[in-house]
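The residues making up each chain are set out below.
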Amino acid sequence: MTEFLMNLDGSVLLWLQNNLRNEILTPFFQAVTRLGDKGRIWILVTIILLIFKKTRNIGLMSAFALIFASIFNNIILKGIFNRSRPYDVVEGLTSVIGSMKSSSFPSGHTSSSFAAAVVLFHGLPRRYGILFMILAALIAFSRMYLGVHYPSDVAGGALTGIVSGLVVIFSYKKKLLFSRNCRYK
């Protein structure tokens, strides 16, 4: 079963490379993936939210979600699984953005994106929340499009990011995070 899933992962990436990669989409997805580098876009949004009193709690929740996701993915799971990058394993697959130093599973870009986006979706007006969820999905897809993550890496990153965001939201509502006088929206 594991071999079947690995082959399926590789086949999806080769299909993306052979059928979707082109001179118009590639620069777009390179730019999208750079937004997720080291969680920069999510850290920037979090800082902006922290500046204003009205959105400060959402900013704090986003910060905690990013921290939890980063620790869980980059320190714990990547160390446990130590999965090779797909361009090193899948014959014929190339990375558009070069080689990465960290292991492949789970996708840190995807995890941080969904950790923050879930909090922002929950805490901001829907029109903004939906835009952040779309951005998270685009960043996740860009990792496969560019050939640096397997679909299962992205799925694992999305799962750990969503869980991180939901844990923070739950903890905040149960007043396990922040002071007792903080009110959620």
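Heads up: the structure comes first, above all this text.
Rules used throughout
- Residues numbered from 1 in each chain as written.
- Predicted model: local features only at pLDDT ≥ 70, side-chain atom pairs only at ≥ 80, totals over all residues.
- Heavy atoms only, no water.
- Helix = DSSP H or I, 4+ residues; strand = E, 2+ residues; numbered from the N terminus.
- Rg over C-alpha atoms; globule rule 2.2 N^0.38 Å.
- Salt bridge = Lys/Arg side-chain N within 4 Å of Asp/Glu carboxyl O.
- Buried < 20%, exposed > 50% of the residue type's maximum accessible area, 1.4 Å probe, protein only.
- Polar contact = N/O pair within 3.5 Å; in protein donor to acceptor, adjacent residues only side chain to side chain.
- Contact = heavy atoms within 4.5 Å.
- Patch = residues over 30% accessible without salt bridge, like charges linked within 9 Å, V, L, I, M, F, W, Y side chains within 5 Å.
- Areas by Shrake-Rupley, 256 points an atom, 1.4 Å probe, with all protein chains shown as cover.
- Phe/Tyr/Trp six-rings, centres within 6.5 Å; stacked < 30°, edge-to-face > 60°.
- Expected span 1.5 Å × (residues − 1).

Draft legend 1. Representation of the overall build of the protein chain. Scanning the protein chain from N- to C-terminus turns up eight helices and zero strands. Listing the helices and strands of the protein chain from first to last along the sequence gives α-α-α-α-α-α-α-α. A compact globule built from 185 residues would reach a C-alpha radius of gyration of about 16 Å, and the protein chain, at 17 Å, matches this within 12%. Its C-alpha atoms give the protein chain principal-axis dimensions of about 55 × 35 × 25 Å.

Draft legend 2. Region of interest: the pattern of salt bridges. A complete count under the given rule lists two salt bridges for this structure. A salt bridge links Asp-153 to Arg-83, with the nearest nitrogen and oxygen atoms 2.7 Å apart. Residue Asp-153 is found in helix 8 (residues 151–173), and its partner Arg-83 is found in the loop between helix 4 (56–81) and helix 5 (86–89); the two are separated by 70 residues along the sequence. Taken as a pair, Asp-153 and Arg-83 share a single burial class, namely buried.

Draft legend 3. Just the side chain of Thr-160, in detail. Positionally, Thr-160 belongs in helix 8. Taking the relative accessible area as the measure of exposure, Thr-160 reaches 10% and is therefore buried. Among the polar contacts made by the side chain of Thr-160, one reaches the side chain of Asn-73 at a distance of 3.0 Å. Not counting the four nearest positions on each side in its chain, Thr-160 is found in contact with Phe-72, Asn-73, Leu-77 and Ser-111.

Draft legend 4. Main features of a nonpolar patch on the surface. A cluster of nonpolar side chains, contributed by Ile-67, Phe-68, Ile-71, Phe-72, Ile-75, Ile-76, Ile-80, Phe-81, Leu-159, Val-163 and Val-167, occupies part of the molecular surface with about 1,000 Å² of accessible area. The set of elements that each furnish at least two residues to the nonpolar patch consists of helix 4 and helix 8. It is helix 4 that provides the largest number of residues to the nonpolar patch, a total of eight residues. Tracing the chain through its elements places Val-163 in helix 8.

Draft legend 5. Highlighting the packing of aromatic side chains. Going through the model one piece at a time under the given rule, you end up with seven aromatic pairs. For the pair Phe-28 and Phe-29, a centre-to-centre distance of 5.0 Å together with 70° between the ring planes defines the contact as edge-to-face. Among the residues examined, Phe-28 registers a relative accessible area of 41% and is labelled partly exposed. Among the residues examined, Phe-29 registers a relative accessible area of 7% and is labelled buried.

Draft legend 6. Up close: the environment of Phe-141. Checked against the element boundaries, Phe-141 lands in helix 7 (residues 126–145). For the pair Phe-141 and Thr-94, spaced 47 residues apart in sequence, the C-alpha separation works out to 16 Å. What Phe-141 contacts, discounting residues up to four positions off in sequence, is Leu-16, Leu-20 and Phe-29.

Draft legend 7. Fine view of the environment of Ser-103. In this fold, Ser-103 is placed in the loop between helix 5 and helix 6 (108–123). C-alpha separation for the pair Ser-103 and Asn-82, spaced 21 residues apart in sequence, amounts to 5.2 Å.

Draft legend 8. Examining helix 8 more closely. Its 23 residues give helix 8 an end-to-end C-alpha distance of 33 Å, which sits within 8% of 33 Å, the value for a rise of 1.5 Å per residue. Phi turns positive one or two residues past the end of helix 8, at Lys-175, with a value near 60°.

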